[in-house]
Amino acid sequence: MGTSQSDIMGRTLLEKIWDSHVIADEGNTSLLYVDRHLIHEVTSPQAFEGLRLAGRSVRRPDLTVATMDHNVPTSRSLPMADQTSEAQMRALERNCTEFGIRLFGIGSPRQGIVHVIGPQLGITLPGTTIVCGDSHTSTHGAFGALALGIGTSDVEHVLASQTLWLERPKTLEVAVSGVRKNPLAVTAKDIMLMIIRKMGTGGGAGSVMEYRGQAITALSMEQRMTICNMSIEAGARAGLVAPDEKTFEYLEGREFTPTNFDSLVGEWRELYTDQDAKFDGTFELDIGNLAPQVSWGTSPEMTCDITQNVPDPAEFADEQKMRAAQRALEYMDLVPGTPMQEIKIDRVFIGSCTNARIEDLTEAAEIVRGQKVLPGVSAMVVPGSQMVKTEAEKMGLDSVFIDAGFEWRESGCSMCLGMNPDILLPGERCASTSNRNFEGRQGAGGRTHLASPVMAAAAAIHGHFVDARDLF
Amino acid sequence: MSGKVVRYGRDNIDTDVIIPGQYLKIHDYEELARHAMEGMDPDFHSKKGSYILAGKNFGCGSSREHAPIALAHSGIKAVLALSFARIFYRNAVDGAFLLPIEIGEDAYQKIADGSEIDIDVGAGLVRDITAGAQYKMRPFPEMISKIIEAGGLFGYKPE
């Protein structure tokens, strides 16, 4: 990936971004300049404490942006019952004040899930490097940015130096072809779940996955974000989509989009993989016959078509996979051979950095409009940001959901990760638009089925999973 | 560095089971450690292990540095696995919490739960004292070695 090589042959999109950010090389590892650092309340407190102990300052507070999302209760009217959460939020406020960092805190109209507000505010830009102490930072790759999740030690390193040591990734082309037969029912979430299902949760290990092909360019920016968001679930370091006219149109005129937008667009047009560039690997998928996907197990790769049955572990050739499936079915309390459409659910969660943007809510509302949530099912919509919430309310989507019996909440990570008041009770089964179905992810003993917003909305109405293709 | 192995014959042990989300607000490392592995093994602490042995993609999922911290403060000196998720791997090394050691299929299959093992990083060896066998560990990448030697990311000074 060195410049000598790149002079001779074409470069991939990743290599172009990488080359323009390398400060120093140490063997297979490079020190990269970081253009944008997003922080939140949960993975930053120790990093700031480290800075204080070492007597360091924040190198570029102007390139650092903070919000609160993981802990925040989505029912804001309640006093915060959880004092440790409140302490973490107050700590972020103090840290941002002390170090001069812009904070979109609770109460701000710009507050929201960090991976939702970055693009909405025009902070996420093509060709940049973006880091955040959160694995789903891969979301921002939808704009052709190299966006990586990092841990708290690295957060401290970036705060102090605006740089990050990173091992040189491999390049993996994910070539997606075909046209979805029913694009309202078969969504970007289904494309990504299928990619993970085929590649496995380790399929992208060590790589940055560049999603390419007509099926990807046909997607909206928000849909591309859903795809890139779950790159980490395939084990990849990051996901990328080359920026195009849709990207530029999305970014134009946003609050923090740079004023030299027009000249930047000129540079951004160079951000694509050259025709003679070589990827380290290629994965191909045709989505012409793709069905809505629903996960049945406790790993995102444990997913099947809505028309299929819960698999029989005995049918797995690989012994490890067989035992993992057995254990997963035990945890999920599912019997092999049960049709996916007969799985009854207790809860529905429409939210998270994967699927809580305005298009997600609009699509889900189309299913819900004029219908009622089945009695006994508890369903909630948690907009990805307060800006999404406001926009949805202007469109009247809040009424659509509330009239149907959904709860309509304030923005936050909510029930994606079981660390705020929105959790599953032990044994509860949830249709969730989030990204992880790990054991206990949504609350100890909770059972998660990953699905698209339309599939989750339909499950709320019927009390079990249904094929969204029958509804559009 | 010798001690007892806690063996989990599984791939994809994620950070949500290593330290469930509800504990990410805890800043006291000893208290955090009390909840280590709570998501999949409530008996973890009674096993008094110094090492965890696991399959592929250990530490996948969230970027929470609480995961290696909770393990380290439970007495875990190293995790031996067929492979690691990148963020967990870097967190373990950058914060100097524990060593993420990549091993081969042979060591993974043969080292039994509860075995006494010895890790010799200099020689690149995992010695199974109980069974009287030894296995090569995959060498750390150059930069990772330097960070480990420096006692973490902030100890490392580029030349």
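Reading guide: rules and limits
Per-chain numbering applies: the sequence of each chain, read as written, is numbered from 1 onward. Numbering of ligands from 1 and lettering of chains from A proceed in the order in which they are written. For a predicted model such as this one, the threshold for reporting local features is a pLDDT of at least 70, and the threshold for listing and counting side-chain atom pairs is 80 or more; totals across whole chains, interfaces and linings nevertheless cover every residue. Heavy atoms from the whole structure form the basis of all side-chain values; hydrogens and water molecules are not counted. Going along the chain from the N terminus, every DSSP run of H or I of four or more residues is numbered as a helix, and every run of E of two or more is numbered as a strand. In what follows, a contact means two residues having at least one pair of non-hydrogen atoms within 4.5 Å. Methods summary: accessible areas were calculated by the Shrake-Rupley approach with a probe of 1.4 Å, and residue burial reflects only the protein chains presented. As used throughout, the charge tally considers Lys and Arg to be positive and Asp and Glu to be negative, leaving His and the chain termini uncounted. A charge is said to be at NZ when it belongs to Lys, at CZ for Arg, at CG for Asp and at CD for Glu. The term buried area refers to how much accessible surface (probe radius 1.4 Å) is lost by two components on association, counted for both of them together. Counted as salt bridges are all cases of a side-chain nitrogen of Lys or Arg within 4 Å of a carboxyl oxygen of Asp or Glu. In protein, a polar contact means a hydrogen-donor-capable atom and an acceptor-capable atom, both N or O and within 3.5 Å, with residues adjacent in sequence counting only if both atoms are side-chain atoms; elsewhere, any N or O pair within 3.5 Å suffices. Basically, the charged four are Asp, Glu, Lys and Arg, the nonpolar ten are Ala, Val, Leu, Ile, Met, Phe, Trp, Tyr, Cys and Pro, and anything else, Gly included, counts as polar. Working definition of a nonpolar core: buried Ala, Val, Leu, Ile, Met, Phe, Trp, Tyr and Cys residues. They are joined through side-chain atoms within 4.5 Å. Summary of the burial criterion: residues with accessible area below 20% of their type's maximum are buried, those above 50% are exposed, and those between are partly exposed, where the area comes from a 1.4 Å probe applied to protein chains only. Think of it this way: DSSP has to see at least two bridges between two strands before they count as a pair. Working convention: axes come from line fits to C-alpha atoms, limited for helices to the stretch in contact. Angles between N-to-C directions cover 0 to 180 degrees. Convention used here: angles under 35 degrees read as roughly parallel, angles over 145 as roughly antiparallel, angles from 65 to 115 as roughly perpendicular, and any remaining angle as oblique. Crossing handedness is defined as follows: a turn of the near helix away from the far one that is anticlockwise and smaller than a right angle gives a left-handed crossing, while the clockwise case is right-handed. The crossover handedness rule: strands pointing away from the viewer, path from first strand over the helix to second strand clockwise, crossover right-handed. The arc in question is traced by the directions running from the helix axis to the C-beta atoms. Every residue is assigned a pLDDT by the predictor, reflecting its confidence on a scale from 0 to 100. The patches reported here contain residues having more than 30% relative accessible area and no salt bridge. Joining distances are 9 Å for like charges and 5 Å for nonpolar side chains (Val, Leu, Ile, Met, Phe, Trp, Tyr). Using only the protein atoms, space was sampled on a 1 Å grid; points where a 1.4 Å probe fits but cannot get out form cavities, open sets with protein on both sides within 12 Å along at least five of seven lines form pockets, and lining residues are those with an atom within 4 Å of a point. Grid points are joined across faces, edges and corners, and a volume is the space filled by probe spheres set on the points.

*Asks:* For this particular structure, what's the right way to read the overall build of chain B?
*Replies:* In terms of helices and strands, chain B carries six helices and seven strands. Start at the N end of chain B and walk to the C end: the helices and strands fall as β-α-α-β-α-β-α-β-α-β-β-β-α. Seen along its three principal axes, the alpha-carbon backbone of chain B occupies a region of about 45 × 40 × 25 Å. Across chain B, contacts joining residues at least 24 apart in sequence account for 63% of those joining residues at least 6 apart. Of the roughly 6,100 Å² that chain B leaves accessible, carbon and sulfur atoms contribute 50%. For chain B, the distance from the average position of its 18 positive side-chain charges to the average position of its 22 negative side-chain charges is 2 Å.

*Asks:* Got a minute to help me understand the interface of chain B and chain A in this structure?
*Replies:* Size of an interface: often given as the accessible area lost when the parts come together. Counting residues at the interface gives 39 residues for chain B and 44 residues for chain A. Carbon and sulfur atoms make up 49% of the area that chain B and chain A hide from each other, which totals about 3,400 Å². Of all residues in chain B, Lys25(B), Arg86(B) and Phe154(B) give up the largest surface area on contact with chain A, accounting jointly for 22% of the area buried on that side. At the surface where chain B touches chain A, the tally comes to five salt bridges. Residue Lys146(B) pairs with Glu26(A) through a salt bridge whose shortest N-O separation is 2.6 Å. Counting across the interface, chain B meets chain A through 22 residue pairs in polar contact (both at pLDDT 80 or more). Of all the elements in the fold, those that place two or more residues in the side of chain B that touches chain A are helix H1 (15-18), helix H4 (86-94) and helix H6 (142-149) of chain B. Considering each element in turn, the side of chain B that touches chain A owes the most residues, five residues, to H4(B). Residues that form the side of chain B that touches chain A fall into these classes: 13 nonpolar, 13 polar and 13 charged.

*Asks:* Where do I start with the nonpolar core in this structure?
*Replies:* Considering soluble globular proteins, one finds that nonpolar side chains tend to be buried as a cluster. Residues Val348(A), Phe401(A), Phe406(A), Ile52(B), Phe58(B), Leu71(B) and Leu80(B) are the most contacted members of the largest nonpolar core, which totals 111 residues. Considering each element in turn, this core owes the most residues, eight residues, to helix H16 (residues 453-462) of chain A. Discounting residues that sit within four places of it in the chain, Phe401(A) has contacts with Leu361(A), Ala364(A), Ala365(A), Val368(A), Val381(A), Phe406(A) and Trp408(A). Among the nonpolar cores identified, the runner-up in size contains 74 residues, and Trp18(A), Leu125(A), Ala188(A) and Phe261(A) belong to it.

*Asks:* Help me out: how do you make sense of the sheet that holds strand E11 (residues 238-240) of chain A in this one?
*Replies:* Through backbone hydrogen bonds, the strands of a sheet pair up, either in parallel or in antiparallel fashion. Residue and element names in this part refer to chain A. Strand order across the open sheet formed by four strands is E11-E10-E9-E12, with parallel pairing between neighbours. This sheet does not close on itself; its edge strands, each paired only once, are E11 and strand E12 (281-286). Between one strand axis and the next, the sheet turns through 20° on average, direction left out of account. Pairing geometry for strand E10 (residues 207-212) and E11, over three bridges, is parallel. The residue of E11 that forms the bridge with Glu210 is Leu240. Across the sheet, helix H7 (residues 188-199) touches strand E9 (170-177), E10 and E12, and the angle it forms with E12 is around 125°.

*Asks:* Looking at this structure, how should I read the packing of H7(A) against helix H9 (residues 221-229) of chain A?
*Replies:* Any two packed helices are characterised by how steeply their axes cross, that is the angle between the axes, and by the distance between the axes. Residues and elements named next belong to chain A. With their axes 9 Å apart at the nearest point, H7 and H9 run at an angle of 25° to one another. Judged by the angle between their axes, H7 and H9 are roughly parallel. The way H7 lies across H9 gives a crossing that is right-handed. Listed contacts from H9 to Ala188, Lys189, Ile191 and Met192 of H7 are Gln223, Thr226 and Ile227.

*Asks:* Just checking my understanding: could you explain the pairing of strand E16 (residues 378-381) of chain A for this structure?
*Replies:* On a regular strand, one side chain projects to one face of the sheet and the next to the other, so that they alternate. Residue and element names in this part refer to chain A. Across four bridges, strand E15 (residues 347-350) lies against E16 in parallel orientation. In the sheet register, Val348 faces E16, and the bridge partner there is Ala379. Viewed along the sheet, the connection from E15 through helix H13 (residues 358-368) into E16 turns out right-handed.

*Asks:* Could you clarify how one ought to interpret H6(B) in this entry?
*Replies:* What sets the pattern is the α-helix's 3.6 residues per turn: residues three or four places apart point alike. If you check which residues of H6(B) are buried, you get Met143(B), Ile144(B), Lys146(B) and Ile147(B). In a view along the axis of H6(B), the buried residues occupy a sector of 160°, so they form one face of it.

*Asks:* Would you explain the environment of Lys372(A) in this entry?
*Replies:* Residues and elements named next belong to chain A. Relative to the assigned elements, Lys372 resides in the loop between H13 and E16. Between the C-alpha atoms of Lys372 and Arg347, which are 25 residues apart in sequence, the distance is 14 Å. Excluding residues within four positions of it along the chain, Lys372 makes contact with Asp403, Ala404 and Ile461.

*Asks:* Help me understand the confidence of the model for chain B in this model?
*Replies:* Close inspection of predicted coordinates is inappropriate in any region flagged by low pLDDT. When pLDDT is averaged across chain B, the result is 96; 100% of the residues are at 70 or more. At the level of chain-chain contacts, confidence expressed as ipTM amounts to 0.96, with global pTM at 0.97.

*Asks:* Can you help me understand a nonpolar patch on the surface in this one?
*Replies:* A surface patch of nonpolar side chains, about 250 Å² in accessible area, is lined by Leu184(A), Leu471(A) and Phe472(A). Tracing the chain through its elements places Leu471(A) in the segment after H16.

*Asks:* What's the story with empty space enclosed by the protein in this structure? I'm lost.
*Replies:* To find the voids left in a structure, one rolls a probe of water-molecule size over its atoms. Applying the stated rule across the entire model yields six cavities of 30 Å³ or more. Taken together, 23 residues make up the lining of the largest cavity; nearest its centre are His70(A), Asp134(A), His136(A), Leu417(A) and Arg441(A). Partitioned by chemical class, the residues of the lining of the largest cavity number seven nonpolar, eleven polar and five charged. Along its surface, the second largest cavity is lined by 13 residues, and Ile232(A), Gly235(A), Ala236(A), Ala85(B) and Arg86(B) are the ones closest to its centre. For the lining of the second largest cavity, the residue count by class is six nonpolar, five polar and two charged.

*Asks:* Please explain the packing of helix H3 (residues 45-54) of chain A against helix H6 (residues 152-161) of chain A as it appears in this structure.
*Replies:* Residues and elements named next belong to chain A. Close contact between H3 and H6 brings their axes to 8 Å; oriented N to C, the two are set at 50°. Here H3 lies oblique to H6, going by the angle between them. Where H3 crosses over H6, the handedness of that crossing is right-handed. Of H6, the residues touching H3 (which contributes Gln46, Ala47, Phe48, Gly50 and Leu51) are Thr152, Val155, Glu156, Leu159 and Ala160. Split into classes, the residues belonging to the contact of H3 with H6 amount to six nonpolar, three polar and one charged.

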